[in-house]
Amino acid sequence: MQRDQQDPGRRHLFHIPPAEGGDYPEVAYFAGNSLGLQPKATRVELNEDLDEWARLGVEGHLDAVRPWLPYHELLTRPAARLVGALPSEVVVMNSLTVDLHLLMVSFYRPAGERTRIVIEDAAFPSDSYAVRSQARFHGLDPDTTVVRLRPRDGEDTLRTEDVVAFLRDEGHTVALLMLGGVNYLTGELMDMATITAAGREAGAVVGWDLAHAAGNVPLSLHEWGADFAAWCSYKYLNSGPGALAGVFVHERHHGSDLPRFEGWWSTEAATRFEMTPESRPPRSADAWQVSNPPIFAMGPVRTSLRIFDEAGMPALRERSLRLTGYLRELLDEVVATRPLSIITPREPERHGCQLSVRLHEGNAGALTKRLRFEHGVIADARQPDIVRFAPVPLYSSYEDCRRAAEALAACVEETQ
């Protein structure tokens, strides 16, 4: 396709799975919003770290080509560039929901009438579970403490003005505002700058779950002034299933007396081996670390972050908008005559690279199976009625988009 020749992306850097159905040798992969594809460099560089363990044993902590003791620092600067933060504000550690709990230990401090936690009604279930358990941990009723912001009747996505209005009217009761930067279900990109400013003006702590935003859209966390954020790296960041997550803590909180859970890696690196009984936390996000980093889990994150550094988020965002715009044009033609609708906002500033299609008849899981096994197109089902297509700018092609639209048209009959 001529579009792919003119706008090729970096597909050659990734392993594209073989198709199990259809007329093409490779799948058209649209599930990078669930699990990103494997970079070809990952196996090579991970094996290099494994070889150092075999060669050096414990001495690899200091003598490996990439020494293990400061290994996590190799990820800090590229992660900070990815999310628009200072290097001191970012650390890669743990998994996403574990990090959200560790952050809420510090940042969810209910007192007086300011006790409520605000999330979106369509939040990913793990976030819902996490905030409800935090409310219970503080002796509060989660049914009244957790507020779930809903779209207007007949609409699928939140309006920024409605979030701001809620904070203006009810903000004095809000201890923590924690929304998803890009909604996992609808693909809506929130106006994080405006909402962060409104939350802080209301006196609430503002945190963001960036699971579907990091590596998908440009971020400016330091400039926006969010208190904290966390993201996973197995979706758009292509670091493997269950890969390590990232954390942002704004510099204004560094060195503060906020409560934190601490462990071996919470203390200053320079004094770690003095083996003193009390921690001396650094004035950085590293103070929120607990355990020493898992080197072989960090390797794939480091590999992926290098790819993002080389590509640059502005260029990726531009290609993402071109790809997603093309896919929407094709899907518009398909849904016009079928019991389907696209629920992702149309405005470029209100979406990332995911388009969510709602089925008005049938079952999403059954449809994605047909797409995969009959047409070699891998999309993502969210039961009962949402199919998500994510044309990822690093490796998706315009030809993939054409295949997806044709496959969807073949699998869903036109309305009689």
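Residues numbered from 1 in each chain as written. Predicted model: local features only at pLDDT ≥ 70, side-chain atom pairs only at ≥ 80, totals over all residues. Heavy atoms only, no water.

As recorded in an unreviewed UniProt entry, the protein chain goes by the name Kynureninase, listed as coming from Paractinoplanes brasiliensis. Taken directly from UniProt, the Sequence similarities (unreviewed entry) text for the protein chain runs: "Belongs to the kynureninase family." In its Cofactor (unreviewed entry) section, the UniProt record describing the protein chain reads: "pyridoxal 5'-phosphate". (UniProt positions renumbered as here; feature names shortened; annotations may be inferred.)

**Q** Explain a nonpolar patch on the surface to me, and be specific about the residues and the numbers.
**A** The grouping of L50, W53 and F296 at the surface amounts to a nonpolar patch, some 280 Å² of accessible area in total. Structurally, W53 can be placed in helix α2 (residues 40–56). (Patch = residues over 30% accessible without salt bridge, like charges linked within 9 Å, V, L, I, M, F, W, Y side chains within 5 Å. Areas by Shrake-Rupley, 256 points an atom, 1.4 Å probe, with all protein chains shown as cover. Salt bridge = Lys/Arg side-chain N within 4 Å of Asp/Glu carboxyl O. Helix = DSSP H or I, 4+ residues; strand = E, 2+ residues; numbered from the N terminus.)

**Q** Any details on the UniProt feature "modified residue: N6-(pyridoxal phosphate)lysine" (unreviewed entry) in the protein chain? Residues and values, ideally.
**A** Within this structure's numbering, the places UniProt gives as "modified residue: N6-(pyridoxal phosphate)lysine" (unreviewed entry) are K235. If we skip the residues at most four places from it in the chain, K235 touches G32, N33, S34, L35, G36, A211 and H212. (Contact = heavy atoms within 4.5 Å.)

**Q** I'd like to hear about the UniProt feature "binding site: pyridoxal 5'-phosphate" (unreviewed entry) in the protein chain, residue by residue, with values.
**A** The feature "binding site: pyridoxal 5'-phosphate" (unreviewed entry), as annotated in UniProt, sits at L96, T97, F124, P125, S126, D127, D209, H212, Y234, W264 and N292 in this numbering. In terms of the greatest pairwise C-alpha distance, the residues named above, spread along 197 residues, do not form a single cluster, extending to 31.1 Å across. Looking at the element boundaries, Y234 is found in the loop between β7 (228–231) and β8 (245–249). Discounting residues that sit within four places of it in the chain, Y234 has contacts with S34, L35, G36, S239, G240, P241, G242 and A243. Positionally, W264 belongs in the loop between β8 and α11 (295–311). In this structure W264 touches R272, F273, M275, V290 and N292, once residues within four positions along its chain are discounted.

**Q** Tell me about the state of the cysteines, and name the residues and values.
**A** Summed over all chains, the structure comprises zero disulfides. Between C353, a free cysteine, and C401, which holds the nearest cysteine sulfur, the sulfur-to-sulfur gap is 10 Å. (Disulfide = S-S within 2.5 Å.)

**Q** I'd like to hear about the packing of aromatic side chains, residue by residue, with values.
**A** Centre-to-centre distance and the angle between the planes together describe a pair of aromatic rings. If you walk through the whole model with that rule in mind, you get 10 aromatic pairs. Taking 5.5 Å as the distance between ring centres and 65° as the angle between the ring planes, the aromatic pair formed by Y326 and Y398 counts as edge-to-face. Note that Y326 is positioned in helix α12 (residues 313–335) and Y398 in helix α14 (residues 398–411), a separation of 72 residues in sequence. Judged by relative accessible area, Y398 falls into the buried class, the value being 4%. Between the NZ or CZ atom of R260 and the centre of the ring of W288, over which it lies, the distance is 5.1 Å. Over the face of the ring belonging to W265 we find R272, whose NZ or CZ atom lies 3.9 Å from the ring centre. (Phe/Tyr/Trp six-rings, centres within 6.5 Å; stacked < 30°, edge-to-face > 60°. Buried < 20%, exposed > 50% of the residue type's maximum accessible area, 1.4 Å probe, protein only. Lys NZ or Arg CZ within 6 Å of the ring centre and 35° of its normal.)

**Q** Got a sec to walk through the nonpolar core? Specific residues and values, please.
**A** W208, L210, W231 and L394 are the most contacted members of the largest nonpolar core, which totals 66 residues. Here this core takes seven residues from α11, the largest share from any one element. Counting residues domain by domain, this core receives three or more from each of domain 1 (1–39 + 312–411) and domain 2 (72–292). Excluding anything up to four places from it in sequence, W231 contacts V83, V90, L96, L210, A211, A214, L221, L237, A245, G246, V247 and F248. (Core = buried A, V, L, I, M, F, W, Y, C linked by side-chain atoms within 4.5 Å. Domains from an automatic or database assignment.)

**Q** Run through the domain arrangement of the protein chain, naming residues and quoting values.
**A** The assigned domain composition of the protein chain is domain 1 (1–39 + 312–411) and domain 2 (72–292). Look at where the C-alpha atoms of domain 1 and domain 2 centre, and you get two points 29 Å apart. Of the residues lining the interface, 28 residues belong to domain 1; the matching set on domain 2 comes to 22 residues. Each partner contributes to the roughly 2000 Å² buried at the junction of domain 1 and domain 2, and carbon and sulfur atoms together form 55% of this total. On the domain 1 side of the interface with domain 2, the three residues burying the most area are M313, I343 and R350, jointly 27% of the side's total. Counting across the interface, domain 1 meets domain 2 through two salt bridges. Residues E188 and R350 are paired through a salt bridge, measuring 3.2 Å at the closest nitrogen-oxygen approach. There are 13 residue pairs in polar contact (both at pLDDT 80 or more) connecting domain 1 and domain 2. (Buried area = accessible area lost by both parts, 1.4 Å probe. Polar contact = N/O pair within 3.5 Å; in protein donor to acceptor, adjacent residues only side chain to side chain.)

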